[in-house]
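Listed below, chain by chain, are the residues.
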Amino acid sequence: MNKIKIAFFDTKPYDRFYFEPLLQEPALNLHVKFLQARLTADTAALAGGFDGVCIFVNDTVDATAAEILHRLGIKLIALRSAGFNNVDLEAIRGKIPAVRVPAYSPHAVAEYAVSLLLTLNRKTHKAYSRIRDGNFSLVGLEGAVLHGKTVGIIGTGLIGRITAEILRGFGMEVIASDPYPQTEWAAAHGVQYTERADLLRRSDIISLHCPLTPENRRLIGREALASMKSGVIIINTGRGGLIDTRALIKALKENRIGGAGLDVYEEEDGYFFEDHSGEVIQDDMLARLLTFPNVLITSHQAFFTHEALQEIAKTTLENFRLFFEKGELPNEIKVQ
Ligand code: NAI
């Protein structure tokens, strides 16, 4: 039987490490070609001769790329991620189904969101380099006790709920907003739902765990930032587009923000996941963000754990197998 051919875009060494052993399984009728290129309208032609494509968060299936993939006869787009804002669902509707890995390790992301908060709050990122430089002074490293403070969780899906539970363990007041509240869970964990506007006003810390949709784009903009408590710490492990970066920079310059822990950034696909250390950063907003002592940026690494990578590989290959062998799409991304 001819093998099903998959073009695997934006391959990193860790992808091969986790996918290749699973591909040895003889019953798995897949041939995967690992490509370094990201999928964009310019590179979509590389999918010629393949049956499916496998993509990650910074590959882009816009209307042009979708049209090319369709013309090339691509039958399935499999995302190695949970978020799918990089795929134009209208453009692929009725042409190519898309699947994702809905939950590869919500604990990984929740624990990481908390680690960003702890680092920013207690300034361990600064202490680390200070001590290595022989500077043992404590001046400027003062933090605050989290116990008793109020944290607002925006989006109580899998990741938001685990983050809330961890922070309840710290003795924090947890308030949350979500258009689909999980009332039983909230009652069991002492979490209070409230309107977003109220959450923004009351929270000492705000952590974003909702998906990036057209409605959620720049959810944290000028007005939202103006309504927050002075000194608020904002954590974003959701998607960069949830925050209006320009408005955040303005609020940071005005000393209204206590800290921002950003694992994602609006324009991250030009930089994140790649080594640009030998170049001048051309993105002025990113460069400005990097100058603030109370901003901690990481390169979309919240998911990046052994467990999550293993789960991504397993579920992605199962997504391909079920579709090509049985026509099943258990993890299909549906247009709302
Ligand atoms: P989920 O689908 O389980 O939960 C999302 C929740 O957000 C849902 O309950 C939904 O009702 C809620 N929501 C939607 N719009 C909202 C709004 N305007 N305000 C408040 N709540 C809203 O998703 P999960 O697994 O918890 O992931 C959340 C997001 O985290 C993903 O969409 C993805 O963008 C991001 N993510 C980031 C990773 C990283 O490595 N940094 C890794 C995995 C996911």
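Remember, it's a predicted structure, so these values are computed and weren't measured experimentally.

**Focus: the overall build of the protein chain**
For the protein chain, the helix and strand inventory stands at 12 helices and 12 strands. Computed over its C-alpha atoms, the radius of gyration of the protein chain comes to 21 Å, within 12% of the 20 Å expected for a compact globule of 336 residues. A principal-axis box enclosing the C-alpha atoms of the protein chain has dimensions of 65 × 50 × 35 Å. Within the protein chain, the proportion of its 336 residues that are buried is 51%. A separation threshold of at least 6 residues defines the contact pool for the protein chain, and within that pool the share at least 24 residues apart is 68%. Distance between charge centroids for the protein chain: 3 Å, based on 37 positive and 41 negative side chains.

**So, the environment of A287**
When you line up the elements, A287 lands in helix α11 (residues 284-289). Relative accessible area serves as the criterion here: at 27%, A287 is assigned to the partly exposed category. Counting along the chain gives 11 residues from A287 to T298, while the straight-line C-alpha distance between them is 13 Å.

**Quick word on the sheet that holds strand β1 (residues 4-8)**
Backbone-to-backbone hydrogen bonds pair the strands of a sheet. The strands run either parallel or antiparallel. In space, the five strands of this open sheet follow the order β2-β1-β3-β4-β5, with parallel pairing throughout. The sheet is open, and its two borders are formed by β2 (30-34) and β5 (98-99), each paired with just one other strand. In terms of strand pairing, β1 meets strand β3 (residues 52-55) through three bridges, oriented parallel. Bridging from a neighbouring strand, I6 pairs with G52 of β3. Packed onto the sheet, helix α12 (residues 306-326) meets β1, β2, β3, β4 (76-79) and β5 and runs at close to 160° relative to β4.

**Some thoughts on helix α10 (residues 245-253)**
Looking at α10, one finds that the buried residues are T245, A247, L248, I249, A251 and L252. Of the surrounding secondary structure, the elements contacted by the buried residues of α10 are α9 (222-227), β10 (232-236), β11 (257-262), α11 and β12 (295-297). Of the residues flanking the start of α10, the one acting as N-cap is D244, its side-chain oxygen 3.2 Å from the backbone nitrogen of R246. Positive backbone phi, at 60°, marks N255, one or two positions downstream of α10.

**A few points about the side chain of D59**
Locating D59 in the fold gives a position in the loop between β3 and α2 (63-71). It is R80 that comes nearest to the buried, bridge-free D59 among opposite-charge side chains, at 4.8 Å. At 2.6 Å, the side chain of D59 and the backbone nitrogen of F56 are in polar contact. If near-sequence neighbours (up to four positions away) are discounted, D59 is found in contact with F9, D10, A37, R38, L39 and N86.

**Focus on the domain arrangement of the protein chain**
Each assigned domain of the protein chain is listed here: domain 1 (4-104 + 305-326) and domain 2 (106-297). Placing a centre on the C-alpha atoms of domain 1 and another on those of domain 2 gives a separation of 30 Å. Overall, the association of domain 1 and domain 2 removes approximately 960 Å² of surface from exposure, summing both partners, and the carbon and sulfur fraction of that is 52%. Connecting domain 1 to domain 2 are two salt bridges. Between K12 and E274 there is a salt bridge, with its nearest N and O atoms 3.0 Å apart. At the junction of domain 1 and domain 2, the tally comes to five residue pairs in polar contact (both at pLDDT 80 or more). Considering only residue class, the side of domain 1 that touches domain 2 consists of five nonpolar, five polar and three charged.

Parameters at a glance
- Residues numbered from 1 in each chain as written.
- Predicted model: local features only at pLDDT ≥ 70, side-chain atom pairs only at ≥ 80, totals over all residues.
- Heavy atoms only, no water.
- Helix = DSSP H or I, 4+ residues; strand = E, 2+ residues; numbered from the N terminus.
- Rg over C-alpha atoms; globule rule 2.2 N^0.38 Å.
- Buried < 20%, exposed > 50% of the residue type's maximum accessible area, 1.4 Å probe, protein only.
- Contact = heavy atoms within 4.5 Å.
- Lys, Arg positive; Asp, Glu negative; His and termini not counted.
- Charge placed at Lys NZ, Arg CZ, Asp CG, Glu CD.
- Pairing = 2+ DSSP bridges.
- Axes fitted to C-alpha atoms, helices over the stretch in contact; angles between N-to-C directions.
- Polar contact = N/O pair within 3.5 Å; in protein donor to acceptor, adjacent residues only side chain to side chain.
- Salt bridge = Lys/Arg side-chain N within 4 Å of Asp/Glu carboxyl O.
- Domains from an automatic or database assignment.
- Buried area = accessible area lost by both parts, 1.4 Å probe.
- Nonpolar A, V, L, I, M, F, W, Y, C, P; charged D, E, K, R; others polar.

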